[in-house]
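Listed below, chain by chain, are the residues.
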Amino acid sequence: MIKIDSYEYYYNPEDGKYYIRKRKSSTHPLKKIKDKLNKSKDKKDRKDKTSKGNKGNRSDDASNKGNKLRDKADATNKTNKSRDRAHTANETNKSYDKAATANETNKVQDRANTVNDMNQFHDKADTVNDMNQFYGKADEMNETNKLDEKMSKVDITEHSLYRMSIKNNHNHPIKVSIVMPTYNKYHQTSLSLYGLSKQTFSHAEYEVILVDDASSDNTSDILKEVDVPFKFKYIQMKQNKGRSSVRNIGINHAEGDLLIFLDGEMLAPAAFIENHYKHHVHESNLVVTGAMHYEGVYTFIMPDYNEDQVAHLKQLVNNDAEYRRLYENYEQTQQHLNVPCPLITKEDIDTNRFQRLSFPNRYFLNSGLKHFGERLEGFTLPYIAFLSGNVSVRKANLKKSGLFDETFVGYGAEDWELGYRLYKNGVQFVLDPSTVAYHQEHGISKRKVKEQWGNHYRFVKKHPNIDVLILSLEWKELPFMHLHQTLVEYNELEERFPDEYNELTHAFRTMLFRIIEYLNNGQPVTKLYDLPEDSEERMKIHQQFETLRPRGFDYLASSFEQIYYL
């Protein structure tokens, strides 16, 4: 670009106009001529003054000569003036041409520069816009990526028995590990995880380990569907291994010092973890359970509900007009579809509205445990409070007592068996209603009953002690208070009369064992201790039994009588 400060304006006296010319560091030629003429005139004037001062008036010849010289000078001046004019005009024209050219060049270049500037401006604007769009998109992408990283980044570990995927992996110390086994409970488990995401306990300090025991429903979709703030470990078994095995796998991957065992269909209130944890802060030898304060809730209408469950649900929906409408709509339009129908929403969990479809089931408390207080003081069967649907214990206690016995498969008794070992190692059991969780009701498998007796049979075979065998009386639907009192009297009988009741106590233990054995084998529970009428042992047993009530062993006498004469 030509800089405008390399040109200057000048005035031409001949035409009275201003022109533009290129500025030079040297003197302009026109100025040189004028300077020369001025010098000559100054020199002549000085001579004239000197002549007048020194000689007086000059002669005519001298005057003529001077005139001639002046005339000649005048002519020369005129010629010079004409030349100057022409030269000046030429210079002016040249300057004008140059200036015009310069102006045109400048205009062109200015235009070009303006265009360039505009282009650069637009380029910059476009660049800014592009950058803004880019950063806008980048911000969106970053937000999306952050969400995706939070939701989709998964660390995967392959094992011969299972595949473990971890979301929200971090290095923050974990205080509490929740171990949740699940099998074909997709709908309920999804809600359970949502409930656990709303905990008051610091999300960075607990993890949930969901162990899927090779479910055949949509449980595997949970990994990509859940949006949870805690560290989430999803362990998918490659083949079904049973409750004890999958819980042990969860324990082995637990980072927390405190373990909470929670079934996959349990809906936990917001303070659930906090209320469990507070017990273990100052004591290291505890088992804390909320299972004795059992609450049930119907979160879905399940097609495999039995008649009693359907009747119960119909009664509960009358507590809320919206739930009643949903149920009526299900009966009219969806019942034939044979798929679960949701009743409870996530919003219902946030507002606790779901509790309108809940109900208490105080089987254990109503069977006598409420008489022993929060710490079950004096209760002879505290290990039955170890119900793995909702119970907490320190990992160190498990290492001392051992993990779940993996020979227990299917439903029942595997948790009592572990609880029994903890009890024998001196662990204190605590019942706390604030640690209650809501069991989402589902269909009851007919296999459960047989599985339960099978595992109970394993339990009594492994621990054929009176404080385990006594649980067989539950089959007779005797309350736990009755079982407790029977055990108290049995222990007192052996202590006070160590050799006097040998035949009776032997017969009692045998019959208790055979109840479970017969149930496991599908045999009728009858003639548990059948002896010939005239046998000596039979006679001794009758004699010993006759003395029980007079000596104050009423519960023991009652329990013995109920199974001896079957």
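Each chain has its residues counted from 1, following the order in which its sequence is written. This being a predicted model, a pLDDT of at least 70 is required before a residue's local features are given, and a value of 80 or more before pairs of side-chain atoms are given or counted; all residues contribute to the totals for chains, interfaces and linings. As a convention, hydrogens and water are excluded, and side-chain values are obtained from all of the structure's heavy atoms.

1. Brief notes about the overall build of the chain
What counts is decided by this rule: Note on conventions: DSSP H or I runs of at least 4 residues are helices, E runs of at least 2 residues are strands, and numbering of each starts at the N terminus. Working definition: with a 1.4 Å probe on protein chains only, accessible area under 20% of the residue-type maximum means buried, over 50% means exposed, and in between means partly exposed. Two residues form a contact once any of their heavy atoms are found within 4.5 Å.
What the chain contains, in helices and strands, is 18 helices and 17 strands. The proportion of buried residues among the 566 residues of the chain is 43%. Considering only residue pairs separated by 6 or more positions, the chain has 77% of its internal contacts joining residues 24 or more positions apart.

2. So, the sheet that holds strand β7 (residues 231-237)
Test applied: Pairing between strands requires that DSSP locate at least two bridges from one strand to the other. With axes taken as lines fitted to C-alpha atoms, and helix axes fitted only over the stretch in contact, angles between N-to-C directions fall between 0 and 180 degrees.
Spatially, nine strands are ordered β3-β4-β7-β6-β5-β8-β15-β10-β16 in an open sheet, and the strand pairing comes out mixed. Two strands bound the open sheet, and with one partner strand each, they are β3 (155-158) and β16 (428-431). Mean inter-strand twist for the sheet, computed between neighbouring axes without regard to direction, equals 20°. As paired strands, strand β6 (residues 206-212) and β7 are joined by six bridges and run parallel to one another.

3. Some details on the sheet that holds strand β11 (residues 295-297)
Ordered by their spatial adjacency, four strands build an open sheet running β9-β17-β11-β14, and the pairing between neighbours is mixed. Taken across any chain shown, the strands that pair with only one partner, and hence form the sheet edges, are β9 (266-267) and β14 (358-360). Here β11 runs beside strand β17 (residues 438-440); their pairing, made up of three bridges, is parallel. By the bridge assignment for β17, G296 is matched with H439.

4. Comments concerning the environment of K233
Stated formally: N or O atoms within 3.5 Å of each other form a polar contact, as long as, within protein, one can give a hydrogen and the other can take it, and as long as residues adjacent in sequence are counted only when both atoms are side-chain atoms.
Tracing the sequence through the fold places K233 in strand β7. Residue classification places K233 among the buried positions, given a relative accessible area of 4%. Each C-alpha atom, one on K233 and one on L210, is 6.2 Å from the other, the two residues being 23 residues apart in sequence. If sequence neighbours within four positions are ignored, K233 has contacts with M164, S165, I166, E207, V208, I209, L210, H253 and E255. From its side chain, K233 meets the backbone oxygen of H253 in a polar contact 2.8 Å long. At 2.8 Å, the side chain of K233 and the side chain of E255 are in polar contact.

5. Structural notes on the pairing of β7
Counting buried residues in β7 gives six out of seven residues, a clear majority hidden from the surface. When strand β4 (residues 162-167) meets β7, the two strands line up antiparallel, connected through six bridges. Counted as the bridge partner of R163 is Q236 from β7.

6. Focus: the packing of helix α16 (residues 502-521) against helix α18 (residues 554-564)
We apply this condition: Any angle that is under 35 degrees is reported as roughly parallel, and any over 145 degrees as roughly antiparallel; angles of 65 to 115 degrees are reported as roughly perpendicular and all others as oblique. In a left-handed crossing the near helix is turned counterclockwise from the far helix by less than a right angle, and in a right-handed crossing that turn is clockwise. When residue character is reported, Ala, Val, Leu, Ile, Met, Phe, Trp, Tyr, Cys and Pro are called nonpolar, Asp, Glu, Lys and Arg charged, and the others, Gly included, polar.
Relative to each other, α16 and α18 sit at 55°, their axes nearing to 10 Å. Put simply, α16 runs oblique to α18. You can see that α16 and α18 cross each other, and the crossing is left-handed. Within the contact between the two elements, α16 uses L504, A507, F508, M511, L512 and I515 and α18 uses L556, S559, F560, I563 and Y564. Here the residues of the contact of α16 with α18 sort into ten nonpolar, one polar and no charged.

7. Some words on the packing of helix α15 (residues 480-496) against α18
Here α15 crosses α18 at 110°, and the two axes come no closer than 7 Å. What the angle tells us is that α15 and α18 run roughly perpendicular. Each of H482, Q485, T486, E489, Y490 and L493 in α15 lies in contact with α18, whose residues at this interface are D554, Y555, L556, S558 and S559. Residue classes in the contact of α15 with α18 are distributed as four nonpolar, five polar and two charged.

8. Some points on helix α12 (residues 414-424)
Every α-helical turn comprises 3.6 residues, leaving residues that sit three or four positions apart pointing alike. Counting buried positions over the eleven residues of α12 gives nine, a clear majority of the element. Residues of α12 that are buried include every one of E414, D415, W416, E417, L418, G419, Y420, R421 and L422, and no others. After α12 finishes, the residue G426 shows a positive phi value of roughly 85°.

9. Here's the deal with the confidence of the model for the chain
We apply this condition: Confidence of the predictor in every single residue is expressed as pLDDT, which spans 0 to 100.
The predicted model of the chain averages 81 in pLDDT, with 73% of residues at 70 or higher. Counted against residues more than four places away or in other chains, residues 147-151, with its pLDDT under 50, gives eleven contacts.

10. Describing the nonpolar core
Cut-off, in case you're wondering: Take the buried residues of types Ala, Val, Leu, Ile, Met, Phe, Trp, Tyr and Cys, join any two whose side-chain atoms come within 4.5 Å, and each joined set is a nonpolar core.
One finds F261, Y383, I384 and F386 to be the most contacted residues of the largest nonpolar core, which totals 83 residues. A total of nine residues in this core trace back to one element, the largest contributor, which is α16. If we ignore the near neighbours within four places in the chain, the residues touching F261 are V179, R247, I251, F386, S388, G389, N390, V391, V393, L398 and F404. Within the second largest apolar cluster, 25 residues are counted, among which are M180, L196, Y206 and F230.

11. Re the environment of V430
Secondary-structure assignment places V430 in strand β16. For V430, a relative accessible area of 0% translates into the label buried. Considering only alpha carbons, one finds V430 and L286, 144 residues apart in sequence, at a separation of 7.1 Å. For V430, the contacting residues outside a window of four places in its chain are H279, L286, V287, V288, T289, E374 and R375.

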